[in-house]
Amino acid sequence: MYLLGNAAIYIGLTLAVYSFISIVAGILTKKQTLVDSGKGGVIAVFLSASVAVAVLLYALATSQFQFEYVKDYTSSELPILYKLSALWAGNAGSLLLWTFFLTMYTAMIAFSRKMRGNPMIPYISAILLVNSIFFFFILGFVAKPFILLNEIPMEGRGLNPMLQNPGMVIHPVTLYLGYVGLAVPFAFAMAALILKNMDDYWIKMTRRWTIIAWLFLSLGNIFGGQWAYVELGWGGYWAWDPVENASFMPWLTTTAFLHSVMIQERKNMLKVWNISLIVISYALTLFGTFLVRSGVLTSVHAFADSNLGMYFLIFMGVAVIGALYIVMSRYSLIKRSAGEFQSFVSKESSFLINNLLLLGAAFAVFWGTIFPLVSEAVRGTKVTVGIPFFNKVQAPILLSMMFIMAVCPLLAWQRSTVKNLKKNFIIPAILSLAGMILMVLLGIQKAWAVIGYGVIILLFITHYLEFYRGVKARRKMTKEMPIVALYRLMIKNRRRYGGYIVHIGIAFIAMGIIGSQNYDVETMKTLKAGESLDIKDYRMTYEKLDQRSEGVNDIVYADVTVFKDGKLLGKYEPEKVFYGNWEEPSSEVALHSSIAEDLYIVLSTWEEDGTATFIVKVNPMMSWLWMGSGLVVIGALFAIWNGKHKHITPKYTGAMKEVV
Amino acid sequence: MRKLLSICFIAILFVLQAFLLNTHATSPDGEYDYKSAEFKAVAAQFLCTCGCGQSHYDCDMAGCNNTDAFKKDILTMMKKGMDKDEIRHYYVKTLGEEILMAPDSKGFSLAAWVMPFAALGGAGTGVFVVIRRWVKRRDDTKTLEEDLKEADEVEGEIMSSMIEKERKKYL
């Protein structure tokens, strides 16, 4: 097994190098056989990565403690699901998973049915193979997953209990799929530039792959937030940790790209800008990995300190310089801008402002993340840049972003006249102002909340009007039933309405964030058995404290009964889990969710006499946040779904080459 | 008379405020609520150094003696009548700026707060200039077109045929 695992990695590296050389030689000498051989190599590289993953999974599942990695991240009593999920618990395993996804994407593109005969394929494959070579090199020489121990230990160290949660099984996988996925649009963009083929084809294909990567990044962040909320026991879902920031930055830049690419499509403008966004997004994924693997910043997510980060920094440098070289060498081709703007007030302008704000938000996150290093370099003092900084700096930027999102759908392309603005905005503006006044009258007096909810009302109305007008126009001609008209309108223009669903999802998320950040109530009380505490409309009565064992873990739990407005809600069991092979215990919160708010109960500490201390929190509108997350995913899926009505993959019309 | 009334009003407010502060600070049995809003305002400023990455307000790590002692110290200072800023000042002076959850808003650390908005302002100006140039470019072309007195009807026809084509495509 040791031999098989290691052989798979070294053969993978050799094959990746061979495939790369073969494809490049094929392109240069215009020999199809060499390109075909290289493409065959892509499959072999994928198989090598698959074998290596399969061997490590087998070793993890069967507790082969002779392997250092298995010993470090599992123990024999661990449930099989968590044994397998230890694949991404450590440096070497997670990089192996990354490599597996990368080679999988490469093989998917090289042998894509829709791209058969496309001259871009050898270029894209070669670019992605460079990435694979880098990762196989790391696996072969720096972070080796198959290191044998001199002595076989009886038991492993076990998996960090924080990672023993279904959310943590999915969160890293989706995040990696997003991270790796961003290498694909990068490869498409570079291939298009090398081929001097900046037409509609590359935009559509790049956009499609970017949405896929964006979707996985979104899912990764959503699952991460969900996990933090239920598992960490602090009642929050986003801590602006450097590693969270590392995944949020490419999310912001890809969101910017998905909007600005529409201007390129319509007006043939912003080509350099769009290419830059793709390069930045890709570079940010490598920068994020550098942050996690280098130990330069303190993070709860960080892997053990290693020199791995430096390799990523160097690779990022090489990738960015290479990309810049290609962009500059083709600058005369892409700078040609045929378009022009008719007016300051137009959909085009709103997209530019949207890009400005998204990039501004990404820069603010970047600046906050690296500021401890900047401060240390300049003053010798390493300051902390935590939640309060990011919340304060991001709030106005993201709120402005929401406002642009609200007004953009009703702005016309080319030029919005005063008449057009009046017609489109007078009613939504009056209604949102009325909503804001009503909120103030109802007692919501925090400025951020009132302004935020006012903007969200505006967003809902403008989006509703977009759907309403679309259906009305369609019905005028087709006389369909409203629901049929809505369905057909949406499936015939998936991208647009998918985007609107995402916007509505973001608005729901914003409602959840504003509500839970501004109106949460919390208390911490020590109770004797039979005593109660009151928080908002809830009364929680502490019944008893008890203990049970589950495998090697001991669980201390409290039985509590919760009433709301005097009515029984149910019995709950907040727990503290003590792990047999882990020093720190973890909290299992008791959660009662409703559409309006979550009651969040944490068992904090207890005494021998049976008194227990509870932290109880009421988090308003948390369900809206999760519902919004669901809508974001649905909207993105709707946008990329290849319906029967329309083949999204466009026909390649660019330059043909001798080799494909 | 009016002056007297306003003095009375202010006095009542002070009494009420003192009463509210007092009732919030401790519960009837003397146990302090470390999750109260006024404690949050103070404790959420300081980073817990146990490695949890959270503020002292949020840290609930079992056996974290660090945060227990810190919370008690904060409470003692609050009981002495020190406000949020005074307590902050005290800790920054004693333990350095590292203890804060967010950079201070003075000296070099001010750059942390200012830079994102300065960058946004600069980039915003750039976007404005670019849009203005593009709009101007269009206006120049338009003037030229007007001079040439090209017939709008032809363009109108092309436009309506394009709209018709789009309509058919989407229906």
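This structure is a prediction, so every number in the text was calculated from the model and none was measured. (Residues numbered from 1 in each chain as written. Chains lettered and ligands numbered in written order. Predicted model: local features only at pLDDT ≥ 70, side-chain atom pairs only at ≥ 80, totals over all residues. Heavy atoms only, no water.)

Visitor: Any chance you could explain the packing of helix α15 (residues 387–407) of chain A against helix α17 (residues 447–478) of chain A here in plain terms?
Guide: Helices that pack against each other are described as a pair by the angle of their axes relative to one another and the distance between those axes. All names here are of chain A. Two numbers describe how α15 lies on α17: the axes approach to 8 Å, and their chain directions differ by 25°. Between α15 and α17, the angle is such that the two are roughly parallel. You can see that α15 and α17 cross each other, and the crossing is left-handed. Contact residues: A395, P396, L399, M402, F403, M405, A406 and V407 in α15; W448, I451, G452, V455, I456, L458, L459, T462 and H463 in α17. The class makeup of the residues in the contact of α15 with α17 is 14 nonpolar, three polar and no charged. (Axes fitted to C-alpha atoms, helices over the stretch in contact; angles between N-to-C directions. Helix = DSSP H or I, 4+ residues; strand = E, 2+ residues; numbered from the N terminus. Parallel < 35°, antiparallel > 145°, perpendicular 65-115°, else oblique. Left-handed = near helix turned anticlockwise from the far one by under 90°. Contact = heavy atoms within 4.5 Å. Nonpolar A, V, L, I, M, F, W, Y, C, P; charged D, E, K, R; others polar.)

Visitor: When you look at the sheet that holds strand β10 (residues 612–620) of chain A in this model, what are you seeing that I'm missing?
Guide: In a beta sheet, neighbouring strands are held together by backbone hydrogen bonds and run either parallel or antiparallel to one another. Residues and elements named next belong to chain A. Strand order in the open sheet formed by four strands is β1-β10-β9-β8, and the pairing between neighbours is antiparallel. Every interior strand has two partners, whereas the edge strands, β1 (521–527) and β8 (590–593), have only one. On average, each strand axis in the sheet is inclined to that of its neighbour by 15°, with strand direction left out of account. Of the strand pairs in this sheet, β8 and strand β9 (residues 597–606) are connected by four bridges, and their pairing is antiparallel. Directly across from A590, in β9, lies its bridge partner I601. (Pairing = 2+ DSSP bridges.)

Visitor: For this particular structure, what's the right way to read the environment of G610(A)?
Guide: Its location among the elements puts G610(A) in the loop between β9 and β10. For G610(A), the contacting residues outside a window of four places in its chain are L527(A) and Y542(A).

Visitor: Quick question: what am I supposed to make of a positive patch on the surface here?
Guide: Residues and elements named next belong to chain A. A contiguous patch of positive charge on the surface is contributed by K419, K423, K472, R475, K476 and K479. Breaking the positive patch down by element, the ones donating at least two residues are α16 (418–441) and α17. Residue classification places K472 among the exposed positions, given a relative accessible area of 53%. (Patch = residues over 30% accessible without salt bridge, like charges linked within 9 Å, V, L, I, M, F, W, Y side chains within 5 Å. Areas by Shrake-Rupley, 256 points an atom, 1.4 Å probe, with all protein chains shown as cover. Salt bridge = Lys/Arg side-chain N within 4 Å of Asp/Glu carboxyl O. Lys, Arg positive; Asp, Glu negative; His and termini not counted. Charge placed at Lys NZ, Arg CZ, Asp CG, Glu CD. Buried < 20%, exposed > 50% of the residue type's maximum accessible area, 1.4 Å probe, protein only.)

Visitor: When you look at the interface of chain B and chain A in this model, what are you seeing that I'm missing?
Guide: Interface extent is often summarised as the accessible area lost during association of the parts. The partner chain A presents 56 residues to the 45 residues of chain B that form the contact. Carbon and sulfur atoms make up 68% of the area that chain B and chain A hide from each other, which totals about 4500 Å². Our enumeration of links across chain B and chain A arrives at three salt bridges. For E522(A), the salt bridge goes to K35(B), with nearest N and O atoms at 3.5 Å. Viewed at the interface, chain A and chain B are joined by nine residue pairs in polar contact (both at pLDDT 80 or more). Counting residues per element, the ones that place at least two in the side of chain B that touches chain A are α5 (110–148) and α6 (152–170) of chain B. Here the element with the most residues in the side of chain B that touches chain A is α5(B); it accounts for 19 residues. Grouping the constituent residues of the side of chain B that touches chain A by class yields 27 nonpolar, six polar and twelve charged. (Buried area = accessible area lost by both parts, 1.4 Å probe. Polar contact = N/O pair within 3.5 Å; in protein donor to acceptor, adjacent residues only side chain to side chain.)

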